[in-house]
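Structural characterization, general
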Amino acid sequence: MASSSKEPISNPSIPDEEEEEEEDDYDEIDEDDEGEEERERRPVTEESRVRSDRAKMENLFRRLSSERVPIRVHDVIIQGNTKTKESLIEAEMEALKSATTLQELLKAASIANARLQQLDIFDSVKITLDSGPPELPGTTNVVVEIVESENPLTGSVGVFSKPEARAWSLEGSLKLKNFFGYGDIWDGSLAYGLDLTSEVSAGVSLPRFKKLITPVTARLSLLSQDWLKFSSYKERALGLSLGLLSSRSHDLSYSLAWRTLADPSQMSSRAVRRQLGHSLISALKYTFKIDRRNSPLRPTRGYAFLSSSQIGGLLPDHRGLRFLRQELDFRYALPLGFYNAAFNIGISAGVTVPWGSGFLSRPTYLPEKFFLGGNSSPVCALGGPSSLLGFKTRGLGPAEPRRQVTENSTDESSDASSAIDFVGGDLAVTAFADLSFDLPLRVLREAGIHGHAFACTGSLNKLTENAYKDLSLQKFKESFRASAGFGVIVPTKLFRMEVNYCYILKQQEHDRGKTGVQFSFSSSF
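The rules behind the values
Residues numbered from 1 in each chain as written. Predicted model: local features only at pLDDT ≥ 70, side-chain atom pairs only at ≥ 80, totals over all residues. Heavy atoms only, no water. UniProt positions renumbered as here; feature names shortened; annotations may be inferred. Helix = DSSP H or I, 4+ residues; strand = E, 2+ residues; numbered from the N terminus. Contact = heavy atoms within 4.5 Å. Areas by Shrake-Rupley, 256 points an atom, 1.4 Å probe, with all protein chains shown as cover. pLDDT = per-residue confidence, 0-100. Expected span 1.5 Å × (residues − 1). Buried < 20%, exposed > 50% of the residue type's maximum accessible area, 1.4 Å probe, protein only. Arc of directions from axis to C-beta. Salt bridge = Lys/Arg side-chain N within 4 Å of Asp/Glu carboxyl O. Pairing = 2+ DSSP bridges. Polar contact = N/O pair within 3.5 Å; in protein donor to acceptor, adjacent residues only side chain to side chain. Phe/Tyr/Trp six-rings, centres within 6.5 Å; stacked < 30°, edge-to-face > 60°. Lys NZ or Arg CZ within 6 Å of the ring centre and 35° of its normal.

The chain is annotated in an unreviewed UniProt entry as Sorting and assembly machinery component 50 homolog B-like of Solanum pennellii. According to UniProt, the comment filed for the chain under the heading Sequence similarities (unreviewed entry) is "Belongs to the SAM50/omp85 family."

Side note on the overall build of the chain
Across its full length, the chain holds 10 helices and 22 strands. Taking contacts inside the chain between residues at least 6 apart in sequence as the whole, the part at least 24 apart equals 59%. Carbon and sulfur atoms make up 57% of the accessible area of the chain, which totals about 28,800 Å².

Focus on the confidence of the model for the chain
Of all residues in the chain, 82% have pLDDT values of 70 or greater, and the mean over the chain is 82. Note that pLDDT drops below 50 for residues 1-36; the model gives that stretch 64 contacts with residues more than four away or on any other chain. Low pLDDT (under 50) marks residues 409-414, which in the prediction has three contacts with non-local residues, meaning those over four places away or in another chain.

Digging into helix 6 (residues 102-118)
An ideal rise of 1.5 Å per residue puts 24 Å on 17 residues; helix 6 measures up with 24 Å between its terminal C-alpha atoms. Along helix 6, the positions that sit buried rather than exposed are Leu102, Leu105, Ala108, Ala109, Ala112, Asn113 and Leu116. Buried residues of helix 6, seen end-on, are gathered within an arc of 145° and therefore sit on one face of the element. More than 90 degrees from the buried face of helix 6, the exposed residues found are Lys107 and Gln118. Among the residues trailing helix 6, Asp120 stands out with phi positive, at a value near 65°.

Some thoughts on the pattern of salt bridges
Counting across every chain of the model gives 14 salt bridges. Between Asp291 and Arg293 there is a salt bridge, and its shortest N-O distance comes to 3.0 Å. A salt bridge links Arg442 to Glu446, with the nearest nitrogen and oxygen atoms 2.9 Å apart. Of this pair, Arg442 and Glu446 both sit in helix 9 (residues 442-446), four residues apart, which is roughly one turn of that helix. Among the residues examined, Arg442 registers a relative accessible area of 60% and is labelled exposed. Each member of the salt-bridge network shares a partner with another, and the members are Glu235, Arg259 and Glu368.

So, the pairing of strand 4 (residues 139-148)
Across the 10 residues that make up strand 4, a large majority, eight, are buried. Where strand 2 (residues 72-79) and strand 4 come together, seven bridges link them in parallel fashion. Note on strand 4: the bridge partner recorded for Gln79 is Glu145. When strand 3 (residues 122-131) meets strand 4, the two strands line up antiparallel, connected through nine bridges. Bridging across to strand 4, Lys126 finds its partner in Glu145.

Observations concerning the side chain of Asn500
For Asn500, the location among the structural elements is in strand 21 (residues 495-506). Polar contacts involving the side chain of Asn500 include one to the side chain of His452, which spans 2.8 Å. Here Asn500 is in contact with Leu389, His452, Phe454, Phe486, Gly487, Val488, Gly516, Val517 and Gln518, once residues within four sequence places are set aside.

Some words on the environment of Arg68
Along the chain, Arg68 falls in the loop between helix 3 (46-66) and strand 2. The class of Arg68 is exposed, set by a relative accessible area of 53%. Distance from Arg68 to Gln103, taken between C-alpha atoms, is 6.9 Å for residues 35 residues apart in sequence.

Quick look at the packing of aromatic side chains
The relative placement of two aromatic rings is captured by the distance of their centres and the angle of their planes. This structure, assessed with the given rule, holds seven aromatic pairs. Note on Phe476 and Phe480: the rings are 5.2 Å apart at their centroids and 80° apart in plane angle, and the pair reads as edge-to-face. Members of the aromatic cluster, connected to one another through ring pairs, are Phe179, Phe180 and Trp186. Taking NZ or CZ as reference, Arg325 lies 4.1 Å from the ring centre of Phe370, over its face. Over the face of the ring belonging to Trp227 we find Arg394, whose NZ or CZ atom lies 3.8 Å from the ring centre.

Looking at the side chain of Ser307
Relative to the elements of secondary structure, Ser307 occurs in strand 13 (residues 302-312). In this structure Ser307 comes out as buried when scored by relative accessible area, which is 16%. Ignoring anything within four residues of it in the chain, the contact list for Ser307 reads Tyr286, Thr287, Phe288, Gln326, Glu327 and Leu328.

Shown next, in the form of structure tokens:
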């Protein structure tokens, strides 16, 4: 093996001194069998050369598996970067320089390769190990060959449906990669829904900023949401969000938004009317997440836990909203050992209150309250209490009557279900149990289509404005709603579709729950 040749990281070259030792060992074996003079007289054929090379490789692999081969990195050589700054690539290669053995070097090179690929700015990344300078035995040069993306501008457009809300949305995005050569990704997106919900946003992501080892993101957005059907108000927010820390388990972000609540119908309840107008939100949010499940769409073993803490009101402005919000979520999947069956359970809880003098006597800001309902699968969702199968979006919990309608109102506007505003709660608890199993038909099993049976329950209560004084243990138990059912699940690479039959076990007077067939679409993101 020539010392100047390059080998990929899965088959690295050994410095000259070590190769000579292996060749000596191999020659000694030949001398014992044939003798040195007889071996020299034997003509070198292609077959003998192949056998010799094979023996050397086997000897190399035996040595790699049985002993630690000392080695150190002499230099990192970067090739193919016409726009990307070398400092960005070198930052991902730092771990290689501290490797002291060939085994450590191979592992570090594999991790560095994966991290460079995750930057999403290269078409290909190849790392090879070359022999170091002849005067420095036991060294190697790391050669990084990259191919930058030919087209840094990409885009996508799609139409998405929400059958449970009878809504459609048109969404599109553009992404510009590595514009300044720092691995920066600029993107803009637009989403418009037929339910009058729209969002326009633009942002940038930097994989490494200064000496920070985690990505830094910034995003400017304009969001408009129509909640007139459920809570008699429209929400518009112009905001800036900064991602300060992002890793596998930790996420820290800061958001600053100017939010406006309006009621063009002039029929909102008293609780909604008191919060109409402008407000300033300055909030810091920390999320801790562990997900050890084998799949987010069909988990059959493992567990997941999430804790989200948020504090609002970090600016001295008198219009700034002050609130505390805490959410907890736990999931566990247990395999049953037959028909690929698994039993999933989960419990979520959340509380939000204002902070400051006399905080429990003041109302919680409406958009920061908890709302339950909707047909998103509780198995997939991991982010606090929200979903409750069988109940419509914002379809249960504390409610207040809207303004009295006139005699000329239509039957639709005077309907009991549309005469109230769901105003959310300060304390939310949900729980579910789900049994999933394979269907007997082979064609369905091969497509991943399977069945499940479920039961879920949830409670939403008010704590602020001194309501906590009237919340007893008995009233808390009575506040739980419940549903059960069964259905068929069709998983895809991007989402999970469910066709369920839901039966309402318990609901209260103004709740919007319905027994029957319902559709559900859930994403793993």
